[in-house]
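Examination of the molecular architecture
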Amino acid sequence: MHLTKRIPAGGGLGGGSTDAAQALLAVNQLAGDAVPLSELLHLAARLGADVPYFVSGAPLALGWGHGDRLLALPALPPMPALLLLPDVAIPTSEAYGWIDEARASSSPRGSVTLDASVLSNWS
């Protein structure tokens with residue numbers, strides 16, 4: 001199998017996940033669609049959190065958990081977009097690892113601690 005990548009690697013745009021989803025769909029098609037979509041979505045979730053979205057074919061979706069629950073939504077209207085990519089690529093697993101670490105070590109959501117001197121500067 002040969003995949004041609006048209007999404008910049010390391011840009012956080014789901015390029016690797018799209019590749020995984022398309023490979024999964026292609027193998028299933030070659031097998032005569034032997035695996036139903038619901039099972040493909042479970043297999044996709046084992047590959048990555050956003051792989052089920054790319055397998056689903058939905059134009060837009062809201063996801064829960066590790067991508068194993070999706071609510072398909074209608075597409076947004078087309079709009080122009082500008083995509084800027086820095087010269088630094090961060091692996092998705094590393095970025096999510098940072099989020100997990102921050103959640104484990106931070107105060108609960110909505111909790112803010114302010115020094116009284118900060119408030120006096122706002123009056």
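See the structure above.
Conventions used here
- Residues numbered from 1 in each chain as written.
- Predicted model: local features only at pLDDT ≥ 70, side-chain atom pairs only at ≥ 80, totals over all residues.
- Heavy atoms only, no water.
- Helix = DSSP H or I, 4+ residues; strand = E, 2+ residues; numbered from the N terminus.
- Buried < 20%, exposed > 50% of the residue type's maximum accessible area, 1.4 Å probe, protein only.
- Contact = heavy atoms within 4.5 Å.
- Polar contact = N/O pair within 3.5 Å; in protein donor to acceptor, adjacent residues only side chain to side chain.

Focus: unusual backbone geometry
Of note in the backbone geometry, Asp 33 takes a positive phi value of approximately 55° without being a glycine. Tracing the backbone through its elements, the reader meets Asp 33 in the loop between α1 (15–30) and α2 (37–47).

Things to note about the environment of Ile 7
When you line up the elements, Ile 7 lands in the segment before α1. Ile 7 sits in the partly exposed class, given a relative accessible area of 28%. Spatially, the C-alpha atom of Ile 7 lies 10.0 Å from that of Asp 19, the residues being twelve residues apart in sequence. Not counting chain neighbours up to four residues away, the residues in contact with Ile 7 comprise Leu 13, Gly 15 and Thr 18.

Focus: the side chain of Asn 28
Its place among the elements puts Asn 28 in helix α1. A polar contact of 3.4 Å, which involves the side chain of Asn 28, links it to the backbone nitrogen of Ala 34. Filtering out sequence-adjacent residues up to four positions away, Asn 28 remains in contact with Asp 33, Ala 34, Val 35 and Leu 40.

The values are spatial; any link to function lies outside them.
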